[in-house]
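Take a look at the letters that make up each chain.
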Amino acid sequence: MSSAAASRHTDLLTPLKDWHNLAPVIAFILLALNWGTKPGLVLDGLLAVALIGAILAAVHHAEVIAEKVGEPFGSLILAVAVTVIEVGLIVMLMAGGGAETLARDTVFAAVMITCNLIVGLSILAGVDAHQRRTGKPGGSAWFNPEGAGGALATVLTVTVLCLVLPSVTTSAKGPQFTDAQLVFAGLFSLVAYLLFVVTQTVKHRDFFLPVDRNGDNIPDSEHHTPPSTGTTVASAALLMCALVSVVGLAKLLSPALEKGVAAAGLPHAFVGVLISLVVLAPETLAAVRNARSGRLQISFNLAYGSAMASVGLTIPVLAVMSLFGGIELVLGLSSLHMALLALTAFVSILTVMRGRVVRLHGGLHLVIAAAFVFMSAMP
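Residues numbered from 1 in each chain as written. Predicted model: local features only at pLDDT ≥ 70, side-chain atom pairs only at ≥ 80, totals over all residues. Heavy atoms only, no water.

**Focus: the side chain of His130**
Here is the rule: Elements are defined by DSSP. Helices are runs of H or I of four residues or more, strands are runs of E of two residues or more, and each kind is numbered from the N terminus. Here a residue-residue contact requires only that any non-hydrogen atoms of the pair lie within 4.5 Å.
Its location among the elements puts His130 in helix 5 (residues 102–134). Beyond its immediate sequence surroundings of up to four residues, His130 is in contact with Gly139, Ser140 and Trp142.

This is the structure in structure tokens:
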């Protein structure tokens, strides 16, 4: 092939190479053109493709930002960004007449998906990556138990505070808080989250950086070359565009989703599971890719950071809406979900306490994730 032909060939492939820049823009345009409408079956399929493209693009741009700002700030940015979008989606659906339990179902699903599905997939990817590097059968993956343990403790604290206590308090009928209890839970879950952020980014930042098998932090220079400031700014803008598009398109597709759930004979609570799976898809892919690169600690940062942000940021916002917007809020978990949460807590503690995991740990978390999805479909 001549140099001129090669040049033309490269020019033709350039748009394909830049798909992660085009996908958020295309998704946003489709969202703007169809907002407020009721898409048909064919358009639903097109919007679903755009949704998937926006999710994959969000992963790419989040990783660009993470490489620029370094860890643990990179994983924190993605966790907070996705959680803010999740809050917006829940608020829009509830304001539009969504079920009063939608917030509980979605937030709890986010906790179970992050602590089990994302953690399980990351462990398997991290162990496989180590085995490929060493060429030895079996294999393990390493992380910092101080960072992962602190993150898990925060997740369990805010989850029990906001989602378990409403089911066991006696001041209000049913699995609900009184106004005073709701203020307390919302305020102190936010305080717990902020305490963790300060610990992660200021006081003990080294707890949340990747480590080798000896427990020593891996220098940043070993795993990325920071992009330029211009590239980072562009990625930040495209990341927000992608995340907004994900939530907006998910809302457009939610009627079809709810009809599909009802047609399949599934409980309405399963809608919250599907919403969380869609919204958390960028973090799931980013966590697995980091684990495959030998950075399991970053995967745990993403998983546990997303879980605690889903509770610690979402519940305070919904508490304000409930108190001043007149929206009824049911937060208390059922006995089935409390049992799954207790199992998740027990297995997670055993997973993070040593700072070393094998495939068994990942497999057990995936079993719990499968049990949660199955029991949500057939309670």
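**Concerning the packing of helix 7 (residues 179–203) against helix 12 (residues 314–325)**
Inclusion rule: For helices, the axis comes from a line fit to the C-alpha atoms of the stretch in contact; other axes are also lines fit to C-alpha atoms, and the angle between any two N-to-C directions lies between 0 and 180 degrees. Angular relationships are summarised with four words: roughly parallel below 35 degrees, roughly antiparallel beyond 145, roughly perpendicular across 65 to 115, and oblique for the angles in between. Crossing chirality is assigned from the near helix's rotation relative to the far helix, an anticlockwise turn below a right angle marking it left-handed and a clockwise turn marking it right-handed. Residues are sorted three ways: Asp, Glu, Lys and Arg are charged, Ala, Val, Leu, Ile, Met, Phe, Trp, Tyr, Cys and Pro are nonpolar, and all the rest, Gly among them, are polar.
It is at 8 Å that the axes of helix 7 and helix 12 come closest, and there the two elements cross at 155°. Considered as vectors, helix 7 and helix 12 are oriented roughly antiparallel to each other. You can see that helix 7 and helix 12 cross each other, and the crossing is left-handed. Judged by residue contacts, Asp179, Leu182, Val183, Gly186, Ser189 and Leu190 of helix 7 engage Ile315, Pro316, Ala319, Ser322 and Leu323 from helix 12. When its residues are assigned to classes, the contact of helix 7 with helix 12 shows seven nonpolar, three polar and one charged.

**Brief notes about the packing of helix 10 (residues 281–292) against helix 11 (residues 296–312)**
Remark: helix 10 packs on helix 11, axes separated minimally by 7 Å, with the N-to-C direction vectors making an angle of 160°. The orientation of helix 10 relative to helix 11 falls into the category roughly antiparallel. As helix 10 packs across helix 11, the resulting crossing turns out to be left-handed. Of the residues in helix 11, those in contact with Glu283, Ala286, Ala287, Asn290 and Ala291 of helix 10 are Leu296, Ile298, Ser299, Leu302 and Ser306. In the contact of helix 10 with helix 11, the residues fall into six nonpolar, three polar and one charged.

**Considering a nonpolar patch on the surface**
The test is simple: The patches described consist of residues with a relative accessible area above 30% and no salt bridge, like charges being joined within 9 Å and nonpolar side chains (Val, Leu, Ile, Met, Phe, Trp, Tyr) within 5 Å. Computed with a 1.4 Å probe, the accessible areas rest on the Shrake-Rupley method; for each residue, only the protein chains presented here act as cover. Salt bridge, as applied in this entry: a Lys or Arg side-chain nitrogen positioned within 4 Å of an Asp or Glu carboxyl oxygen. With a 1.4 Å probe rolled over the protein chains alone, any residue whose accessible area is under 20% of its type maximum counts as buried; one over 50% counts as exposed, and the rest are partly exposed.
A cluster of nonpolar residues, Phe184, Leu187, Phe188, Val191 and Leu195, forms a patch on the protein surface that exposes about 470 Å² of accessible area. Along the chain, Phe188 falls in helix 7. Its relative accessible area of 40% is what places Phe188 among the partly exposed residues.

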